[in-house]
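Descriptive structure summary
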Amino acid sequence: MSARNRELLGLIPASLLVTAGFAAVFIQQGSDQLSNLSLTYGAIFLGLCLAAHVFLRIALPYADPYLFPLVAVLASFGLVVIYRIDDTLARQQAQWFIAGLGLFVATIVFLRDYRKLEQYRYLIAAASLVLLCLPRVPGIGAQVNGAYLGVRIPGVFVFQPTEFAKIGIVIFLASYLRDTRQLLVAGARRIAGITLPPLKHFGPLLVIWGIAMLLLVVIRDLGSSLMFFGAFLAVLYVATSRVSFVVVGLALFGLGAWYLGTHVPHVTDRVDVWLDPLNAHRYPNVGYQIANSLFAQADGGLLGRGFGEAFLFLPGGGPILPAPQTDLIYAVIVNELGLVGAVAVLATYLLVAQRGFKIALLARDSFSTLLAVGLSAVFALQVFVIVGGVTNVIPLTGVTLPFISYGGSSLLANFVLLALLLLVSDRARREAEGAR
Amino acid sequence: MSAPIMRLFATIVLLFAILVVWTSRWSVLDAKDLRDNALNKRPLLAQLHVKRGAIKAADGALLARSVRGPGGTFRRAYPSGALFGHPVGYAVIALNQLAGIERYRNDELSGQGDELGSLADQLQGKREQGDTVITTLDPQAQRIATEQLAATGSPGAVVALDPRTGAVKVMASSPGYDPNKLGDPGVFRALNSSGSGAPLLDRSTQSSYAPGSTFKVVTAAAAIDSGKYTPDSVIDGSSPKPISGVPLRNDLGESFGPITLTAAMTNSVNTVFGQIGEALGKQTMADYMRRFGFYSKPPLDYPADEMLASGERLNGRLLPVTSPQVDVGRMAIGQDKLAVTPMQMAMVVAAIANGGRLMTPHLADRIVDPDGRTVDRIEPQLASTPVSPQTAEQVNQMMRTVVESGTGTAVQLPGISVAGKTGTAEIGTVGANLTQPSFVAFAPADNPRIAIAVTVERSQGGFGGTVAAPIARAVLESLLS
């Protein structure tokens, strides 16, 4: 079976999922519009995915056949969960989904030769850094829970520059390390048992570390920094095969995180809450979010309460779970679908990452490999940071769960990420096919 | 570069494994602890969405029901207001406050009775709904008891049981409160504040009083059942008489000379019962008290911490009868440090009325599920056999003379023979003339259907026979008509 036919078949479960999901939510709401509307939603979704699939058939015939269906599953699942939380938000999210597909198509059309990106790497890096700093610009920046992650675009939405910056940074790293990786390895010296790269070439990397740390201070968000820095180390490790670089990098990051965790009040709060999430003293303010995240998960148990059955509001109308459609959407998933449902979601993400790394393995040139590695790593790390935060593995921070959380920036950026991965994949598999 | 990519992917897999482990930890492994955490409002919220079952009186009158609140929640309404505030209690879920039957039967009322059933209901898409509790309470008699208590102007309690089954017919405590108003946290605070008169306290099970002479029923039963005395035994009833080395006087210092036990009962002669108490000894008295239910909480289907065990008490703690600090002679006439709940005294007379067999008192008659099926019926159950049928019959006869010609004539009912015993404990400082009148009775004496205990907390010089007996009479009249 050809790759594209496999992709087509893969879309069937995604459509069934969105139909069944809406049906479940409608039943729970006791609605009589069940029969036609859930099917309509499923049909519209299937239509959109089919359109994208036809486009891929023409534009990228060799691209990985599993990535798009996997993402469609995640996005459709996200739509259902958001619909269950707030139907107005779900309609907006559906519009973002359509816009995302548009951007996905545009990316593929305009970046057919994605290697052109290499020429603009410093421009891309600079633009990414500017994006990251935007939320701190007075007047347009938006502070959410002490972190600076959003830019308010009046009347439209709160734009989250980190979502796009992560892609830009990965492009820059892949490009820069393609050039310098040989030098980094060849010039390395062992000092006190640790292999250190030459300062001349390592310098820019130290600058990156410095910038990552600075970002931590600027955006005051441990999770986003961990995501960026983790992706950096992943690309660096694949480029150089040196574990020692990773160790040194992690140590430096740990040092920076420790400093921030003990000196920046907002980060300190998060760390305190992380260490003792059920502290009664902190519960009414800083601890409320994580404690209720854990309570929601406990309420779900092994099999969950079922779609639409979880409590989201207090009797007075206030939310029992703050930000259920964005930061804490994973807690809602565990609450309603249980451990089983949550593991299925995590497995889907892992499959996406697996396809990404597979693309990296198949790619013939270093830039493509490093780009695929970086994009896959940053994607997987984003999942780890937010799910890890919600489950208290690490301090909770405000990043989105890719393709599932409500949010335009997140959806748009992740569709660009998907487009890039498919572009790399198409080239790699086309070349492999040609070489055979 | 392929090996590092594989290792990197392995690292990602490891990170995701950590996520799975942590999710398992919260959702399954530690879930019970989290659900029970005091900060967790979800179990409470879940209860708010449950339509609790109703609570009904024996005649089917609604005592508590659930009405729709905002957003699919329910709140409790009590159609009879303050009347059944005490036995029924309250369920203010939003404030996590439960009491009385609402609390004791919470599992049934909130439909958590059996896990399997509720799972099956969930699979069928049924909305959660609790079972209805049908009580043994009699609204008419409860109303009379409450009104009569209120008319005394003093706090107090009335308990009436069916001695044959243990069914509680009346459980009234004054002052009362309106459970409909407890949704307001301010009202809760006000009712709990000092100076409020403690209306939330159920005086029938939670307050202990000096039983005074009503306790002579226990002493007489022990005297006869132990075989040391008969109703015709003659004892010196002169006054004063040294008991435990200290002179004990009869009421008004009246000296009776040698009289029978029956006559001593009829006239409530302290010196006679003081001597009997000393003669029986602490161990025998302790044994009989335990058989009647003293020294343990009543076996009532009511929250344990809303009940008090009766017995000798020192500084709020139970003191064994055998303790050297107990003056058994004065205990035998209901003085010393005796602290007894009205419920306990009702159990004592119920046992005498039922031929020496004490039935387990119960408030619930049956539990009915939302489909109208009876899922549980509370059958009469023998709690203990404090005395033999012969002893019971003899004490019964002695108590009849109290009503016919003794201190309890105020309880006489036309055409119905009543057996009873008065009690008047002096409280407060000597000379203040403050009393705590009480009365215990059962009727009809030859085939008892109702046993009753009445205590009025404070009276200016009133007696059991003048203050408490008329209340008992009114309630008995209502229950026997």
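Before going into details, it helps to say that this report is about the structure given with it. Here, residues in each chain are numbered from 1, in the same order as that chain's written sequence. Here the convention is simple: chains get letters from A, ligands get numbers from 1, in the order in which they are written. Local features in a predicted model are, by the rule used here, given only for residues with pLDDT of at least 70; side-chain atom pairs are given and counted only at 80 or more, and totals for whole chains, interfaces and linings are based on all residues.

1. Some points on the overall build of chain A
Which entries qualify depends on this criterion: Only runs of H or I of at least four residues qualify as helices and only runs of E of at least two qualify as strands under DSSP, and these elements are numbered from the N terminus. Partly exposed residues are those whose C-beta has more than 12 but fewer than 20 other C-beta atoms within 10 Å; with 20 or more the residue is buried, with 12 or fewer it is exposed, and the C-beta atoms are placed from the backbone. By the convention adopted here, residues are in contact when the distance between their C-beta atoms, placed from the backbone, does not exceed 7 Å.
From N to C terminus, chain A includes 14 helices and five strands. Of all 436 residues assigned to chain A, the portion counted as buried reaches 54%. Look at the contacts in chain A between residues 6 or more apart in sequence, and 70% of them connect residues 24 or more apart.

2. A closer look at the overall build of chain B
When helices and strands are counted, chain B shows 16 helices and 23 strands. A buried classification covers 54% of the 481 residues belonging to chain B. Nonlocal contacts in chain B, meaning residues at least 24 apart in sequence, comprise 68% of its contacts between residues at least 6 apart.

3. Let's talk about the interface of chain B and chain A
Put simply, the rule reads: Only Asp, Glu, Lys and Arg are considered charged, only Ala, Val, Leu, Ile, Met, Phe, Trp, Tyr, Cys and Pro nonpolar, and every remaining residue, Gly among them, polar.
Counting from both sides, the interface comprises 33 residues of chain B and, opposite them, 41 residues of chain A. Counting residues per element, the ones that place at least two in the side of chain B that touches chain A are helix H1 (2–29), helix H2 (31–36) and helix H3 (42–48) of chain B. If you tally residues by element for the side of chain B that touches chain A, the top one is H1(B), at 18 residues. Among the residues making up the side of chain B that touches chain A, the classes are represented as 22 nonpolar, eight polar and three charged.

4. As for the pairing of strand S22 (residues 450–456) of chain B
Residues and elements named next belong to chain B. This is how the line gets drawn: Any two strands between which DSSP finds at least two bridges are classified as paired.
By the criterion of burial, S22 is predominantly enclosed, with seven of the seven residues buried. The pairing of strand S7 (residues 156–161) with S22 spans six bridges and is antiparallel. Each bridged residue has a counterpart across the sheet, and for Ala160 the counterpart in S22 is Ile452. Here strand S21 (residues 434–443) runs beside S22; their pairing, made up of six bridges, is antiparallel. If you follow Phe442 over to S22, its bridge partner there is Ala451.

5. A look at the sheet that holds strand S2 (residues 62–68) of chain B
All names here are of chain B. Across the sheet, six strands lie side by side as S3-S2-S1-S6-S17-S18; this open sheet has mixed pairing. On the outer flanks of this sheet lie strand S3 (74–77) and strand S18 (374–377), each paired with one strand and no other. Pairing analysis gives two bridges linking strand S1 (residues 55–56) to S2, with the strands arranged antiparallel. The residue of S2 that forms the bridge with Lys56 is Leu62.

6. Structural notes on unusual backbone geometry
Geometrically, the link from B:Ser239 to B:Pro240 is a cis peptide bond, its omega value of -5° lying close to zero. With an omega of -15°, the peptide bond between B:Ala443 and B:Pro444 qualifies as cis. Considering the arrangement of structural elements, one finds B:Pro444 in the loop between S21 and S22. For A:Phe403, which is not glycine, the phi dihedral falls at a positive 70°. Counting through the fold element by element, A:Phe403 comes out in the loop between helix H13 (366–390) and helix H14 (408–435). You will see that B:Asn315, though not glycine, has its phi angle at about 50°, which is positive.

7. Some details on the environment of B:Thr262
Examined against the element boundaries, B:Thr262 turns out to sit in helix H11 (residues 261–266). A sequence separation of 31 residues divides B:Thr262 from B:Pro231, and the C-alpha atoms of the two residues are 5.2 Å apart.

8. Examining the packing of helix H5 (residues 121–133) of chain A against helix H6 (residues 161–186) of chain A
Residues and elements named next belong to chain A. Spelled out, the test is: Whenever a helix is involved, its axis is fitted only over the stretch in contact; in every case the axis is a line through C-alpha atoms, and angles between N-to-C directions fall within 0 to 180 degrees. Our angle categories are set so that under 35 degrees counts as roughly parallel, over 145 as roughly antiparallel, 65 to 115 as roughly perpendicular, and the remainder as oblique. Handedness of a helix crossing follows the sense of rotation of the near helix relative to the far helix, less than a right angle counterclockwise being left-handed and clockwise being right-handed.
One way to put it is that H5 packs onto H6 with a least axis distance of 8 Å and a crossing angle of 150°. Compared by their axis directions, H5 and H6 come out roughly antiparallel. Once H5 is placed against H6, the crossing between them reads as left-handed. Mapping the contact onto sequence places Arg121, Ile124, Ala125, Ala127, Ser128, Leu131 and Leu132 in H5 and Pro161, Thr162, Phe164, Ala165, Gly168, Ile169, Ile171, Phe172, Ser175 and Tyr176 in H6. Here the contact of H5 with H6 is built from residues that sort into twelve nonpolar, four polar and one charged.

9. Overview of the nonpolar core
So the rule is basically this: To form a nonpolar core, buried Ala, Val, Leu, Ile, Met, Phe, Trp, Tyr and Cys residues must be joined through C-beta atoms within 7 Å.
With 152 residues, the main nonpolar core has A:Val235, A:Tyr330 and A:Val373 as its most contacted residues. Top element by residues in this core is helix H12 (residues 329–362) of chain A. It accounts for 18 residues.

10. What about helix H15 (residues 389–405) of chain B?
Residue and element names in this part refer to chain B. Operational definition: Each residue after the first adds 1.5 Å to the expected span of a helix.
Its 17 residues place the ends of H15 24 Å apart at the C-alpha level, agreeing with the 24 Å of an ideal helix rising 1.5 Å per residue. Considered for burial, the residues of H15 that qualify are Thr391, Ala392, Gln394, Val395, Asn396, Met398, Met399, Arg400, Val402 and Val403. Turning to H15, the residues buried within the fold contact helix H10 (216–225), H11, helix H14 (342–353) and strand S20 (419–427).

11. What to know about the packing of H12(A) against H13(A)
All names here are of chain A. At their nearest, the axes of H12 and H13 sit 9 Å apart, and the two run at 165° to each other. Relative to H13, the element H12 lies roughly antiparallel. Where H12 crosses over H13, the handedness of that crossing is left-handed. Between H12 and H13, the residues in contact are Tyr330, Ala331, Tyr349, Val352, Ala353, Gly356, Phe357, Ile359 and Ala360 and Thr369, Ala372, Val373, Leu375, Ser376, Phe379, Ala380, Val383, Ile386, Val387 and Val390, respectively. Residues belonging to the contact of H12 with H13 are distributed by class as follows: 17 nonpolar, three polar and no charged.

12. A few points about the sheet that holds strand S14 (residues 317–318) of chain B
All names here are of chain B. Spatially, the three strands line up as an open sheet ordered S14-S13-S15, and their pairing is antiparallel. This sheet does not close on itself; its edge strands, each paired only once, are S14 and strand S15 (338–339). Where strand S13 (residues 311–314) lies against S15, two bridges are found, and the strand directions are antiparallel. Directly across from Glu312, in S15, lies its bridge partner Leu338.

13. A short note on helix H12 (residues 270–292) of chain B
Residue and element names in this part refer to chain B. Here is the rule: To obtain the bend at a residue, axes are fitted to the seven residues ending there and to the seven starting there, and the angle between these axes is taken.
Compared with the 33 Å implied by 1.5 Å per residue over 23 residues, the 22 Å span of H12 between its first and last C-alpha is markedly short. Bending of H12 peaks at approximately 100° at the position of Gly281. Downstream of H12 by a residue or two, Gly293 has a phi angle that is positive, lying close to 110°.

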